[in-house]
Amino acid sequence: MQLRCTKCHKPYNITREAAATALDEMTKEGHKFEMIQCPMCRKTNKVSKKELKRAAPGWKPKEA
């Protein structure tokens, strides 16, 4: 999935595995957004659960 930083406006990618990990963490903690850090400027960017689900098709919540 390609994201664009809100500070430096440079595009960067996150992998399907990173998106799935973020979704697992969000589901466990009940968050609606995940903060993902830009690799160029280190600013954190808010990414919604909906966007992450598009990046990780076929993702299923882990059972407790």
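Here, every reference points to the structure presented above.
From a predicted model like this one, the values you see are computed outputs, not experimental measurements.

> Is there a simple way to think about the overall build of the protein chain in this case?
Helix and strand counts for the protein chain stand at two helices and four strands. For a compact globule of 64 residues, the expected C-alpha radius of gyration is about 11 Å, and the protein chain comes in at 12 Å, within 12% of that figure. Along the first, second and third principal axes, the C-alpha atoms of the protein chain reach 40 × 20 × 15 Å. Taking all 64 residues of the protein chain together, the buried fraction comes to 31%. Long-range contacts, defined as pairs at least 24 residues apart, comprise 51% of the intrachain contacts of the protein chain with a sequence gap of at least 6. Carbon and sulfur atoms provide 50% of the accessible area of the protein chain, an area that totals close to 4,800 Å². The distance from the centre of the 15 positive side-chain charges to the centre of the 7 negative ones in the protein chain is 9 Å.

> What is the right way to read the pairing of strand 3 (residues 33-37) from this model?
Along a regular strand, successive side chains alternate from one face of the sheet to the other. Only one face of strand 3 is buried: it carries Glu34 and Ile36, and the other face, with Phe33, Met35 and Gln37, is open. Once strand 3 ends, the chain turns through six residues before running back antiparallel as strand 4 (residues 44-48), passing Arg42 with a positive phi of about 70°.

> Even after reading the chapter, I still don't get helix 1 (residues 16-29), so can you show me in this structure?
A turn of α-helix holds 3.6 residues, and therefore any two residues three or four places apart point the same way. In this model, helix 1 (14 residues) spans 20 Å end to end at C-alpha, consistent with the 20 Å of a helix rising 1.5 Å per residue. All buried positions along helix 1 are accounted for by Ala19, Ala20, Ala22, Leu23, Asp24 and Met26. Elements that come into contact with the buried residues of helix 1 comprise strand 3, strand 4 and helix 2 (49-55). With its phi angle positive at about 80°, Gly30 sits one or two positions after the end of helix 1.

> Just checking my understanding: could you explain the pairing of strand 4 for this structure?
As paired elements, strand 3 and strand 4 share five bridges and run antiparallel to each other. Across the sheet, the residue bridging to Glu34 is Val47, located in strand 4.

Each value, and the rule that gives it
- Residues numbered from 1 in each chain as written.
- Predicted model: local features only at pLDDT ≥ 70, side-chain atom pairs only at ≥ 80, totals over all residues.
- Heavy atoms only, no water.
- Helix = DSSP H or I, 4+ residues; strand = E, 2+ residues; numbered from the N terminus.
- Rg over C-alpha atoms; globule rule 2.2 N^0.38 Å.
- Buried < 20%, exposed > 50% of the residue type's maximum accessible area, 1.4 Å probe, protein only.
- Contact = heavy atoms within 4.5 Å.
- Areas by Shrake-Rupley, 256 points an atom, 1.4 Å probe, with all protein chains shown as cover.
- Lys, Arg positive; Asp, Glu negative; His and termini not counted.
- Charge placed at Lys NZ, Arg CZ, Asp CG, Glu CD.
- Pairing = 2+ DSSP bridges.
- Expected span 1.5 Å × (residues − 1).

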